[in-house]
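Descriptive analysis of the structure
Residue strings, one per chain:
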Amino acid sequence: MTDCPLRALQMALFLCCVFSGVTMGKSLSHLTNQTCHGEDRESFTSPLEDPHTEDGKGGDVSQFPYVEFTGRDSVTCPTCQGTGRIPRGQENQLLALIPYSDQRLRPRRTKLYVTASVVVCLLLSSLAVFFLFPRSIDVSYVGVKSVFVSYDQDKRSVYLNITNTLNITNNNYYSVEVANITAQVQFAKTVIGKSRLSNITAISPLDMKQIDYTVPTIIADEMSYMYDYCTLQTIKVHNIVLMVQVTVTTVYFGHAEQVSQEMYQYVDCGGNTTSISTMTKPFNILHPAE
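Within each chain, residues carry numbers counting from 1 in the order of the written sequence. For this predicted model, a pLDDT threshold of at least 70 governs which residues receive local features, and a threshold of 80 or more governs which side-chain atom pairs are given and counted, while totals over whole chains, interfaces and linings are taken from all residues. Excluding hydrogens and water, the side-chain figures rest on all heavy atoms present in the structure.

A tally of regular secondary structure across the protein gives three helices and 10 strands. Ordered by position from N to C terminus, the α and β elements of the protein give α-β-β-α-β-β-β-β-β-α-β-β-β. Exposure is judged per residue with a 1.4 Å probe applied to protein chains only, and the accessible area is read against the type maximum: over 50% gives exposed, under 20% gives buried, and values in between give partly exposed. Residues classed as buried in the protein amount to 26% of the 290 residues present. Excluding contacts between residues fewer than 6 apart, the proportion of contacts in the protein whose partners are at least 24 apart in sequence is 61%. Of the accessible surface of the protein, which amounts to about 20,900 Å², a share of 59% is contributed by carbon and sulfur atoms. Secondary structure counts use DSSP, requiring at least four H or I residues in a row for a helix and at least two E residues in a row for a strand, with both numbered from the N terminus. Every residue pair with non-hydrogen atoms within 4.5 Å of one another is taken to be in contact. We get accessible surface area from the Shrake-Rupley algorithm with a probe of 1.4 Å; when it comes to residues, only the shown protein chains can shield them.

On to the pattern of salt bridges, then. Salt bridges are counted wherever a side-chain nitrogen of Lys or Arg sits within 4 Å of a carboxyl oxygen of Asp or Glu. Counted according to the given criterion, the structure contains two salt bridges. For D212, the salt bridge is made with K145, and the minimal N-O distance between the two is 2.7 Å. Separated by 67 residues along the polypeptide, D212 in strand β7 (residues 208-219) and K145 in strand β3 (residues 137-152) bring together distant segments of the chain. Given a relative accessible area of 32%, D212 falls into the partly exposed group.

With that out of the way, let us pick up the state of the cysteines. Criterion for a disulfide: a pair of cysteine sulfur atoms at a distance within 2.5 Å. Inspection of every chain in the model, using the stated rule, returns one disulfide. Disulfide partner of C230: C269, at an S-S distance of 2.1 Å. Judged by the sign of its S-S torsion, about -95°, the cystine formed by C230 and C269 is left-handed. One end of the pair, C230, is in helix α3 (residues 225-230); the other, C269, is in the loop between β9 (255-268) and β10 (283-288), with 39 residues separating them in the sequence. Taken individually, C230 and C269 each receive the classification buried, so the pair is uniform in this respect.

For this analysis, a ring pair means two rings from Phe, Tyr or Trp (six-membered ring only for Trp) whose centres lie within 6.5 Å, classed as stacked if their planes differ by under 30 degrees, edge-to-face if by over 60, and tilted for the remaining angles. For the structure shown, the criterion picks out six aromatic pairs. Arranged with centres 5.8 Å apart and planes meeting at 45°, the rings of Y174 and Y252 form a pair that is tilted. Of this pair, Y174 sits in the loop between β4 (157-170) and β5 (176-187) while Y252 is found in strand β8 (residues 239-252), placing the two residues 78 residues apart along the sequence. The burial state of Y174 is the same as that of Y252; both residues are buried. Judged by centre distance (4.5 Å) and plane angle (35°), the ring pair of Y174 and F253 falls under tilted. Of this pair, Y174 sits in the loop between β4 and β5 while F253 sits in the loop between β8 and β9, placing them 79 residues apart in sequence. Each residue in the set F130, F131 and Y173 is aromatic and connected to the rest through ring pairs, giving one cluster. Distance and angle both matter: a charge sits over a ring if NZ of Lys or CZ of Arg is within 6 Å of the ring centre and within 35 degrees of the ring normal. Across the ring face of F130, the terminal group of R135 is positioned such that the distance to the ring centre comes to 5.1 Å.

Once that is clear, we can look at unusual backbone geometry. Positive phi values are uncommon outside glycine, yet K189 reaches one of about 65°. Position of K189 among the secondary structure elements: in the loop between β5 and β6 (190-203). For L206, which is not glycine, the phi torsion reads 55° and is therefore positive. With respect to the helices, strands and loops of the structure, L206 is situated in the loop between β6 and β7.

Two strands qualify as a pair provided that DSSP identifies no fewer than 2 bridges between them. Spatially, the three strands line up as an open sheet ordered β3-β4-β7, and their pairing is antiparallel. Single-partner strands in this sheet number two, and they are β3 and β7. For this sheet, the mean angle separating the axes of adjacent strands, direction not counted, is 15°. The sheet contact formed by β3 and β4 spans 14 bridges and is antiparallel. Here an angle of 0 to 180 degrees is reported between the N-to-C directions of two axes, which are lines fitted to C-alpha atoms, with helices fitted over the stretch in contact.

Relative to the assigned elements, T250 resides in strand β8. For the pair T250 and I137, spaced 113 residues apart in sequence, the C-alpha to C-alpha distance is 8.0 Å. Look past the residues within four positions of T250 in its chain and what remains in contact with it is I137, V176, E177, V178, A179, H255, A256 and E257.

Quick look at the nonpolar core now. The definition of a nonpolar core used throughout is a set of buried Ala, Val, Leu, Ile, Met, Phe, Trp, Tyr and Cys residues joined through side-chain atoms within 4.5 Å. L160, Y213 and I240 are the most contacted members of the largest nonpolar core, which totals 38 residues. For this core, the secondary-structure elements that each account for two or more residues are β3, β4, β5, β6, β7, α3, β8 and β9. The contacts of Y213, once residues within four sequence positions are left out, are Y141, I162, T163, N164, L166, I181, A183, L197, V244 and V246.

This part is about the pairing of β4. β4 sits mainly inside the fold: 11 of its 14 residues count as buried. As paired elements, β4 and β7 share 12 bridges and run antiparallel to each other. Bridged to L166 within β7 is I211.

As a per-residue measure, pLDDT reflects the predictor's confidence and takes values from 0 up to 100. With 61% of its residues at a pLDDT of at least 70, the protein reaches an overall mean of 75. Across residues 61-68, where pLDDT falls below 50, the model places seven contacts with residues more than four positions away in sequence or in other chains. Counting contacts from residues 277-290, a segment whose pLDDT is below 50, to residues more than four positions away or on other chains yields 31 contacts.

Have a look at this one:
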């Protein structure tokens, strides 16, 4: 009888231990499951989605810095200050990236170079205008160089070969070509002689040349009375007044220019003369060639 209560007590203690173990196991299992579920949820939750986290405050993506994930086959860009990557082995083949604010894109002394270029262009233009600007060609009448006189007694005519001298001055900084000289001699408003001299000479820059031209003239017909005057032996000097018109044509840079003069001169028709006669001041007339 005494063994039965003892066995009953042992059986009760065993059952209590078993029941307590099962209950604690279930509690631990449930606690473990809740912990795992909580960690999974935290792992799938992004700081961007949690408005209460410090990193995701405000939810603005633009506030997060850009991070570039590179592999093993890339190196740091040598000119990007560590913020870019280029493929390995192509460091010397790719174009370097230079920031817009780099001083190399803003060359120094730009204003100085531009100002110097403008000044040089203006100086060259001024020099070109100064040296190439056309200046006048001065023609001055020196006088009669010589007069050769001959007579025709049968026709009561007087022949005069009058040689005049001109000074032609080139005031330009380039050569000028004297194309031709045209002369006409009048006596008593009647033309008694004409002459034309072509392809004469070229005048150097800022130079002067003296040119002689001869005009053959004849006094006859209605002026045959001059034969008696020129052959009169009672007087020594037989001066007559002639009007000479001369036109000088010059050419430079394909442009033709004419300078005309009219002057009166004294000629001794009583014999040959080689001295320069006096004259009145000539009149210069400048006009372009036709």
